[in-house]
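What follows is the residue order along each chain.
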Amino acid sequence: MKVGLVIEGGASRTYFACGVMDLLLSEDIHTDYIIGVSAGISFGVSYCSRQFERNLRILKNYEEDKRYMGARHLLDRKNKSYYNLEFVFETIPKQLVPFDYETFYNRKESCIAVVTRLDSGKAEYFEMPKDDNFDLLKASCALPILFKPIEVNGVKYMDGGIADSIPFQKAFDDGCDRVIVLLSHPRGYAKGKEAATPLVKLSYRKHPEFLQTFLTRPQRYNESIKALEKYEKEGKALVIAPTAEDLNGIGRTEKRVSLLEPLYQSGVKAARERIGEIREFIGK
């Protein structure tokens, strides 16, 4: 039986999923296939490299660091993104909280990053390359307005969640029999119109296909949640989601460790409480 791990994005809210993944690592639970969107895959690579609490160390040491994120980085002509791309995707993994590239290279499981093409608005799915280039992670995280488009192999991409927010169907299409899905929103959440929609319309008017994908995202997201619930009832999906209390009003760009570390611990707790169910679900 092939089991997949699907990780929704959500920027800072994804620290809940980090807690879940660390509990899985501590229990020696590894899936055959990992696919993630935005922060989901950016944090998910540490699960693939078997680095217990690596994301927690990043949170505690650098989330509040001025070098990590902030409007000044968005206004920097070389960076043009709310997150400091060089610091987050190069300095941290190569120097400050070293990423275990060797273990990552030698992984047996598939590790898939989801991105959205700027020219067509379509989702594309790429196996993470076995090198130290994290451009795919940058592209998958490239939220409209907050990021510049990220070029990979001559093609410009934006955040993967625009086209495929919770890519469980891709996991099934790639041969998974069952999937564990880590959400960034509580059960019952329904996505509505994005507050930034007017600005996005203005900023991406030269990319009508991408803009249409962005505008239809709420409807497609809510439909995917219904499909996921159906898979749950059929025993093909196991969903772990934070509660509203866990999230405590945390937004995408929250950086206060005093709020984000409890969210991470909520993920650990949620997974620990269901560990027996998880083992039974994956047949281990």
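For the structure, check the block above.
Worth saying up front: this structure is predicted, and the values here are computed from it rather than measured.

Chemist: Please explain the overall build of the protein chain as it appears in this structure.
Modeler: A count of helical and extended segments in the protein chain gives 14 helices and eight strands. In summary, the protein chain has a C-alpha radius of gyration of 18 Å against a globular reference of 19 Å for 284 residues, a match within 12%. Overall, the C-alpha framework of the protein chain stretches about 50 × 40 × 35 Å when taken along its three principal axes. Relative to its full complement of 284 residues, the protein chain shows a buried share of 55%.

Chemist: Sorry, what's going on with empty space enclosed by the protein here?
Modeler: Over the atoms rolls a probe the size of a water molecule, and its path tells where empty space is left. What the rule picks out here adds up to two cavities of 30 Å³ or more. By volume, the largest cavity is sized at about 340 Å³. Elements represented by at least two residues in the lining of the largest cavity include exactly helix H2 (39-48), helix H3 (54-62) and helix H5 (85-96). Residues belonging to the lining of the largest cavity are distributed by class as follows: 19 nonpolar, four polar and two charged.

Chemist: Looking at this structure, I do not really get the layout of surface pockets. What am I missing?
Modeler: In this model, the largest pocket occupies a volume close to 260 Å³. Every residue lining the largest pocket is counted, 16 residues in all, and those nearest its centre are Leu143, Glu194, Ala196, Arg217 and Arg252. In terms of residue class, the lining of the largest pocket is made up of eight nonpolar, three polar and five charged. In this structure, the second largest pocket occupies an estimated 180 Å³ of space. Forming the boundary of the second largest pocket are Ala163, Asp164, Ser165, Ile166, Phe168, Gln169, Arg217, Arg220, Tyr221, Glu223 and Ser224. Looking at which element gives the most residues to the lining of the second largest pocket, the answer is helix H11 (residues 217-233), with five residues. Its residues assigned to classes, the lining of the second largest pocket shows four nonpolar, three polar and four charged.

Chemist: I would appreciate a short explanation of the pairing of strand E6 (residues 155-159) in the present structure.
Modeler: Each regular strand carries side chains that alternate between the two faces of the sheet. Most of E6 is tucked away: four of the five residues are buried. Across three bridges, strand E3 (residues 110-117) lies against E6 in antiparallel orientation. The residue bridging Arg117 from the neighbouring strand is Tyr157, located in E6. By the bridge criterion, three bridges tie strand E5 (residues 150-152) to E6 in an arrangement that is antiparallel. By the bridge assignment, Glu151 is partnered in E6 with Lys156. Hairpin geometry of E5 and E6 is characterised by an intervening segment of two residues between the two adjacent antiparallel strands and by a positive phi of about 55° at Asn153.

Chemist: Would you explain helix H10 (residues 208-215) in this entry?
Modeler: Helical geometry note: an α-helix holds 3.6 residues per turn, so side chains three or four residues apart project in the same direction. All of the buried residues in H10 are Phe210, Leu211, Thr213 and Phe214. Buried positions in H10, seen along its axis, are confined to an arc of 160° and lie on one side of it. For H10, the secondary structure elements touched by its buried residues are E3, E6, helix H9 (197-203) and H11.

Chemist: Which parts of the structure should I look at to understand the pattern of salt bridges?
Modeler: Between side chains of opposite charge, a pair can form as their charged atoms come close. Across all of its chains, the model carries 20 salt bridges by this definition. Between Asp132 and Lys94 there is a salt bridge, with the nearest N and O atoms lying 3.7 Å from each other. One end of the pair, Asp132, is in the loop between strand E4 (123-127) and helix H7 (135-140); the other, Lys94, is in helix H5, and 38 residues separate them in sequence. Note on Lys94: relative accessible area 41%, which makes it partly exposed. For Arg117, the salt bridge goes to Asp119, with nearest N and O atoms at 2.8 Å. In this structure, a network of salt bridges that share partners links the residues Lys191, Glu194, Arg217 and Arg252.

Chemist: Just to check I follow, could you spell out the environment of Tyr157 for this structure?
Modeler: Assignment of secondary structure puts Tyr157 in strand E6. Residue class for Tyr157 comes out buried when judged on its relative accessible area of 3%. Considered as a pair, Tyr157 and Phe52 are 105 residues apart in the sequence and their alpha carbons are 30 Å apart.

Conventions we followed
Residues numbered from 1 in each chain as written. Predicted model: local features only at pLDDT ≥ 70, side-chain atom pairs only at ≥ 80, totals over all residues. Heavy atoms only, no water. Helix = DSSP H or I, 4+ residues; strand = E, 2+ residues; numbered from the N terminus. Rg over C-alpha atoms; globule rule 2.2 N^0.38 Å. Buried < 20%, exposed > 50% of the residue type's maximum accessible area, 1.4 Å probe, protein only. 1 Å grid on protein atoms, 1.4 Å probe; cavity = no way out; pocket = protein on both sides within 12 Å on 5 of 7 lines; lining within 4 Å. Points joined across faces, edges and corners; volume = space filled by probe spheres on them. Nonpolar A, V, L, I, M, F, W, Y, C, P; charged D, E, K, R; others polar. Pairing = 2+ DSSP bridges. Arc of directions from axis to C-beta. Contact = heavy atoms within 4.5 Å. Salt bridge = Lys/Arg side-chain N within 4 Å of Asp/Glu carboxyl O.

Honestly, it's all geometry; don't read function into it.
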